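# Coordinates in review
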Amino acid sequence: MATVSHPQSSNPSSASGTRLSLPVEGMTCASCVGRVERALKAVPGVYKAAVNLATERADVTFTGVTDPQAVVHAIERAGYSVREETSHLAIEGMTCASCVGRVEKALAKIPGVLEANVNLATERARVRHLAGVVCVADLEVAVKKAGYTARHLSAEAPNEGDQDTARRDDEARALQRSMWVAAILTLPVFVLEMGSHLIPALHHWVMDVIGQQMNWYVQFALASLVLFGPGLRFFRKGVPALLRGAPDMNSLVSVGTAAAYGYSLVATFVPDMLPQGTAHVYFEAAAVIVTLILLGRTLEAGAKGRTSQAIKRLVGLQAKTARVERNGATLEIALDQVTTGDVVLVRPGEKVPLDGELIEGASYVDESMISGEPVPVSKEVGAEVVGGTLNKTGAFSFRVTKVGANTVLAQIIRLVEQAQGSKLPIQALVDKVTMWFVPVVMAAAMATFLVWLIVGPAPALSFALVNAVAVLIIACPCAMGLATPTSIMVGTGRAAELGVLFRKGEALQALRDVTVIALDKTGTLTKGRPELTDLVPAEGFEYDEVLALVAAVETRSEHPIGEAIVLAARDKGIMLAPVEAFAATPGFGVSATVGGRTVAVGADRFMTQLGLDVMRFQSTAQHLGEQGKSPLYAAIDGRLAAVIAVADPIKPTTPEAIKALHALGLKVAMITGDNAATAAAIAKQLGIDEVAAEVLPDGKVAALKQLRSHGARVAFVGDGINDAPALAEADVGLAIGTGTDVAIEAADVVLMSGDLRGVPNAIALSQATIRNIQQNLFWAFAYNAVLIPVAAGALYPVNGTLLSPIFAAAAMALSSIFVLGNALRLKRFQALLSVDPQVRSKN
């Protein structure tokens, strides 16, 4: 991604009278300038607008706060465009959903930022902004002011796998060390305090041998080491956030532990400051809370690492070097030194380094990374190979056709990460709640303290402190923040392993809601090319004899039907004789002399013209017609020799796929350019519910609108090239790829195999992922809604139940672990149908 400079006239602080300078594309003359200026001046809040044709920029001065979106829309309505860019940032320091909201808010405030999307699970921010108005430095500064650290990620490799993995591993190890140190220091505190309450003999020993005051001094020393050693991380992040008026989860932990520790400090050293009978210590609560939360964070880090394993595995598929032929020698060089056109050698058992075309040798290659199935695919000269796949048997050479970010594997990694970083519509409510969650919890804790202090039983101050700390500690915004993104990460990662690429995370939710699956016929339901499907010889003629003569005649024809007949003969190894006296009768058929025999091929009217009766084949022709095939006839030496059918055959996997779609409760429609009779025959054969026939290529969009007219949500499945308008128009567009063409811009979902069975697999995975997200959100909200009142003491008047801050800390830690563990269940998702990697659609 090119880094652009921030214009001096644009001030990120967005004060009154701010001037915004925008690059405008598409202007060609003074009239264009006038149109853009008039459009800009009509935008509410715009004080002045000046457009320069030479620099292709518009300078807009606002009377108040800038509104870049309104300005962009005005320019677009005038018929011009403003160039946009997307920047990717790695955000460090986020711990909960509140952090996500604050980073997004800080980025969105920058004039020129159109959209900011921050993901807690991936620790990524994707910012869409106006080119030439916002630069990466502006974004990094805004994030820093919000209390976090931002690092720019290049557009070529937004995942920056190795560096990112190393950083996360270092953080996980640091957390683990801190957790063990805290646990070792906390254990004596816990035994001295809680053990004395639970075991009378231990209590007497502590009182007789150590003494109460010395016991408190020991607890103070150990708890201080825990809080200002391993626990210092919470204060370093939580206190500044609190002072900024933007408290987060670290603030809750800091305030809660500081309250327990501070109260204990007073009780230990200046007990006279406290009311009579309230001088108790809670050093063990402060220390155990820190230890349990560190334990939860450690487990959480491990679980979050497992959610991103799909990306790690994809990155790990890349070979490090390639064996290249140059100047007559074979050299092993790094991948970034290989160029398009190089010839690469691959031995058995090695990874294919890059994408290319086989020029020598043959082998079987494991392409499970792009198809989801580990069945090796045969590769011969002329076949395409994909970087990252595994060569199983033979050795071969191939010419490199794609390198770097253009390879299939690089595209897959990019698409998977884009999907993993997306936000679903279901997340909107969560974002609104979490922005206010921490302040509300702090207010609830304060209210709890005051209520217990005023109306609580003696010692009221102790009850007030313990319950307020429990409220602060039990609240878990982490679970809310992780509920959606972790499920998306695991779900889209598992989808990639099954050969399903969600180009947009939003498609996960949209696909779950579809009610109608509209299928393009050619290349989707069918193989996409005509084949000889039937040849029934008349009495006295042999199959191979008729095929040889008819195919010889058709070598002179340029019609696709003729090409299919010739291909069928060659596939059987039949030698074709020379042709003489070839003649074509438009609308009827063709005729010629082959090896001294006269051969005619054509429609029934051609046979009638030749004086031949086709009624003997009436039942066969009728049966072919019911299958949507148009029969042809062959005459040899003046005798009716055979009835022939050439058609675009249905893929063998199509009936099973449609049956699976029906089993999911979906209605299946077919859109085709075939005549109504042929389309109806195919629909009957496959059990398709609705047919739109005789649809021209540009009429598919209208057909989709018709399907949607009664409120149905429609997904369209096409081959991704000539179906681009329909893929874009549908609620969800699914492109059946060829295994190598993954960058299909119009589609929301790309099926790497040409197998239609990938469609029910994608829908089932979508349903499983959204169900998983709903479970996570229910747990996250229900946990807080139920346990915060319990921690505040709501059950005390009923049955005397109070929640210890220690149990509150344990529950809070388990809440996040539950959400992550539930999301990880998606890794075990099993495809409804097995997909054949050797099925490929022909575009």
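Fair warning: this is a prediction, and the values are worked out from it, not measured in the lab. (Residues numbered from 1 in each chain as written. Predicted model: local features only at pLDDT ≥ 70, side-chain atom pairs only at ≥ 80, totals over all residues. Heavy atoms only, no water.)

### What about the overall build of the protein chain?
- Across its full length, the protein chain holds 29 helices and 30 strands.
- Of all 843 residues assigned to the protein chain, the portion counted as buried reaches 54%.
- Once local pairs closer than 6 in sequence are excluded, the contacts in the protein chain between residues at least 24 apart make up 70%.
- When the accessible area of the protein chain is evaluated, it comes to approximately 35600 Å², of which 58% is carbon and sulfur surface. (Helix = DSSP H or I, 4+ residues; strand = E, 2+ residues; numbered from the N terminus. Buried < 20%, exposed > 50% of the residue type's maximum accessible area, 1.4 Å probe, protein only. Contact = heavy atoms within 4.5 Å. Areas by Shrake-Rupley, 256 points an atom, 1.4 Å probe, with all protein chains shown as cover.)

### Quick word on helix H19 (residues 543–554)
- The end-to-end C-alpha distance of H19, which contains 12 residues, comes to 16 Å, matching closely the 16 Å that a straight helix rising 1.5 Å per residue would cover.
- In terms of residue burial, H19 counts as a mostly covered element, since 9 of its 12 residues are buried.
- Looking at H19, one finds that the buried residues are Val546, Leu547, Ala548, Leu549, Val550, Ala551, Ala552, Val553 and Glu554. (Expected span 1.5 Å × (residues − 1).)

### Things to note about the environment of isoleucine 650
- Of note, isoleucine 650 is situated in the loop between strand S25 (639–647) and helix H23 (654–663).
- Note on isoleucine 650: relative accessible area 21%, which makes it partly exposed.
- In this structure, isoleucine 650 is in contact with Leu525, Thr526, Pro655, Ile682, Gln685 and Leu686, ignoring residues within four places of it in sequence.

### Details of the nonpolar core
- Residues Leu107 and Ile517 are the most contacted members of the largest nonpolar core, which totals 160 residues.
- Looking at this core element by element, the count peaks at 14 residues for helix H27 (residues 758–792).
- The contact partners of isoleucine 517, leaving out residues within four places of it in the chain, are Leu661, Leu666, Lys667, Val668, Ala669, Ala715, Val717, Val759 and Ile763.
- Core analysis: the next-biggest nonpolar cluster, separate from the first, contains 43 residues, Ala569, Val614, Ile644 and Val646 among them. (Core = buried A, V, L, I, M, F, W, Y, C linked by side-chain atoms within 4.5 Å.)

### Focus: the sheet that holds S25
- If you walk across this open sheet you meet the 6 strands as S20-S25-S24-S23-S22-S21, and the pairing is antiparallel. This sheet does not close on itself; its edge strands, each paired only once, are strand S20 (531–537) and strand S21 (579–585). Between one strand axis and the next, the sheet turns by 20 degrees as a mean value, whatever way the strands run.
- Here 4 bridges tie strand S23 (residues 597–602) to strand S24 (residues 631–636), and the two strands are oriented antiparallel to one another. (Pairing = 2+ DSSP bridges. Axes fitted to C-alpha atoms, helices over the stretch in contact; angles between N-to-C directions.)

### Thoughts on a nonpolar patch on the surface
- The grouping of Met214, Tyr217, Val218, Phe269, Val270 and Met273 at the surface amounts to a nonpolar patch, some 550 Å² of accessible area in total.
- Looking at which element gives the most residues to the nonpolar patch, the answer is helix H7 (residues 212–227), with 3 residues.
- Topologically, phenylalanine 269 is positioned in helix H9 (residues 249–269). (Patch = residues over 30% accessible without salt bridge, like charges linked within 9 Å, V, L, I, M, F, W, Y side chains within 5 Å. Salt bridge = Lys/Arg side-chain N within 4 Å of Asp/Glu carboxyl O.)

### Observations concerning the side chain of serine 21
- Residue position: serine 21 is located in strand S1 (residues 19–25).
- Overall, the relative accessible area of 5% leaves serine 21 in the buried class.
- Polar contacts involving the side chain of serine 21 include one to the side chain of arginine 57, which spans 2.9 Å. (Polar contact = N/O pair within 3.5 Å; in protein donor to acceptor, adjacent residues only side chain to side chain.)

### Some points on the packing of helix H8 (residues 232–243) against H9
- Remark: H8 packs on H9, axes separated minimally by 7 Å, with the N-to-C direction vectors making an angle of 105 degrees. Considered as vectors, H8 and H9 are oriented roughly perpendicular to each other. Residues Phe234, Phe235, Lys237, Gly238, Val239, Ala241 and Leu242 of H8 pack against Asn250, Ser251, Val253, Ser254, Val255, Thr257 and Ala258 of H9. (Parallel < 35°, antiparallel > 145°, perpendicular 65-115°, else oblique.)

### A short note on the pairing of strand S11 (residues 343–346)
- Of the strand pairs in this sheet, strand S9 (residues 321–326) and S11 are connected by 3 bridges, and their pairing is antiparallel. Bridge pairing in S11 places valine 324 opposite valine 344.
- In the sheet, S11 pairs with strand S17 (residues 396–402) via 4 bridges, with the strands oriented antiparallel. Bridge pairing links leucine 345 to serine 397 in S17.

### Brief notes about unusual backbone geometry
- Put simply, alanine 458 and proline 459 share a cis peptide bond, and its omega is -5 degrees.
- Relative to the helices and strands, proline 459 is located in the loop between helix H14 (427–455) and helix H15 (460–474).
- The residue alanine 581 is not glycine, and still its phi comes out positive at about 55 degrees.
- If you trace the backbone, alanine 581 turns up in strand S21.

### Observations regarding the confidence of the model for the protein chain
- This prediction gives the protein chain a mean pLDDT of 81; 88% of its residues lie at or above 70.
- In the model of the protein chain, helix H12 (residues 368–371) stands out as the element of lowest mean pLDDT, 66, in contrast to S11, which has the highest, 92.
- Taken together, the stretch residues 1–16 has pLDDT below 50 and engages in 40 contacts with residues farther than four places along the chain or on a different chain. (pLDDT = per-residue confidence, 0-100.)

### Side note on the environment of valine 290
- As for its placement among the helices and strands, valine 290 is situated in helix H10 (residues 283–307).
- Beyond its immediate chain neighbours, meaning those up to four positions away, valine 290 contacts Val226, Leu227, Gly231, Phe234 and Thr257.

### Description of the UniProt feature "transmembrane region" (unreviewed entry) in the protein chain
- Feature annotation in UniProt assigns "transmembrane region" (unreviewed entry) to the following positions: residues 178–196, 216–235, 247–269, 281–299, 433–455, 461–484, 777–796 and 802–824.
- Secondary structure content for residues 461–484 is 92% helix and 0% strand, and the end C-alpha separation is 40 Å.
- End C-alpha to end C-alpha, residues 802–824 measures 33 Å, and it is 87% helix and 0% strand. (UniProt positions renumbered as here; feature names shortened; annotations may be inferred.)

### Side note on the packing of H15 against H27
- Two numbers describe how H15 lies on H27: the axes approach to 8 Å, and their chain directions differ by 165 degrees. For the element pair H15 / H27, the angle class is roughly antiparallel. Note on packing geometry: the crossing formed by H15 with H27 is right-handed. Every residue of H27 that contacts H15 at Asn467, Ala470, Val471 and Ile474 is listed here: Tyr783, Asn784, Leu787, Ile788, Ala791 and Ala792. (Left-handed = near helix turned anticlockwise from the far one by under 90°.)

### Thoughts on the side chain of serine 264
- Among the structural elements, serine 264 can be located in helix H9.
- Excluding anything up to four places from it in sequence, serine 264 contacts His280, Val281, Tyr282 and Phe283.

### Brief notes about the packing of aromatic side chains
- For the structure shown, the criterion picks out 13 aromatic pairs.
- Taking 5.6 Å as the distance between ring centres and 20 degrees as the angle between the ring planes, the aromatic pair formed by tryptophan 452 and phenylalanine 463 counts as stacked. With tryptophan 452 in helix H14 and phenylalanine 463 in helix H15, the pair connects residues that are 11 residues apart, well separated along the chain.
- The structure contains a cluster of three or more aromatic residues connected by ring pairs, namely Tyr217, Phe220, Phe228, Phe235, Tyr261, Phe269 and Phe283.
- Taking NZ or CZ as reference, arginine 605 lies 5.7 Å from the ring centre of phenylalanine 588, over its face. (Phe/Tyr/Trp six-rings, centres within 6.5 Å; stacked < 30°, edge-to-face > 60°. Lys NZ or Arg CZ within 6 Å of the ring centre and 35° of its normal.)

### Structural notes on the sheet that holds strand S16 (residues 390–391)
- Strands sit in the order S14-S13-S16 across an open sheet of 3 strands; the sheet is antiparallel. The sheet is open, and its two edges are formed by strand S14 (377–379) and S16, each paired on a single side.
- With 2 bridges connecting them, strand S13 (residues 363–366) and S16 associate as antiparallel partners. When the bridges of S16 are listed, valine 365 appears paired with asparagine 391.

### Here's the deal with helix H25 (residues 700–707)
- Along H25, the residues classified as buried are Lys700, Ala703, Leu704 and Leu707. Down the axis of H25, the buried set is contained in an arc of 100 degrees. They therefore lie on one face.
- Close packing links the buried residues of H25 with strand S19 (516–520), strand S26 (667–671), strand S27 (690–692), strand S28 (714–718) and helix H26 (724–729). (Arc of directions from axis to C-beta.)

### Thoughts on the environment of arginine 124
- Along the chain, arginine 124 turns up in strand S7 (residues 124–130).
- Residues arginine 124 and isoleucine 91, 33 residues apart in the sequence, show an inter-C-alpha distance of 5.7 Å.

### Some thoughts on the pattern of salt bridges
- Enumeration over the complete set of coordinates arrives at 17 salt bridges.
- Two residues, arginine 326 and aspartate 342, come together in a salt bridge whose shortest N-O distance is 2.6 Å. Of this pair, arginine 326 sits in strand S9 while aspartate 342 sits in the loop between strand S10 (329–334) and S11, and the two are 16 residues apart along the sequence.
- Salt-bridge contacts for arginine 757 lead to glutamate 656; the nearest nitrogen and oxygen are separated by 3.0 Å. Taken as a pair, arginine 757 in the loop between strand S30 (749–751) and H27 and glutamate 656 in helix H23 lie far apart in primary sequence, 101 residues in all.
- A relative accessible area of 35% places glutamate 656 in the partly exposed class.
- Beyond isolated ion pairs, a larger network of salt bridges with shared partners links Glu25, Arg83 and Glu85.

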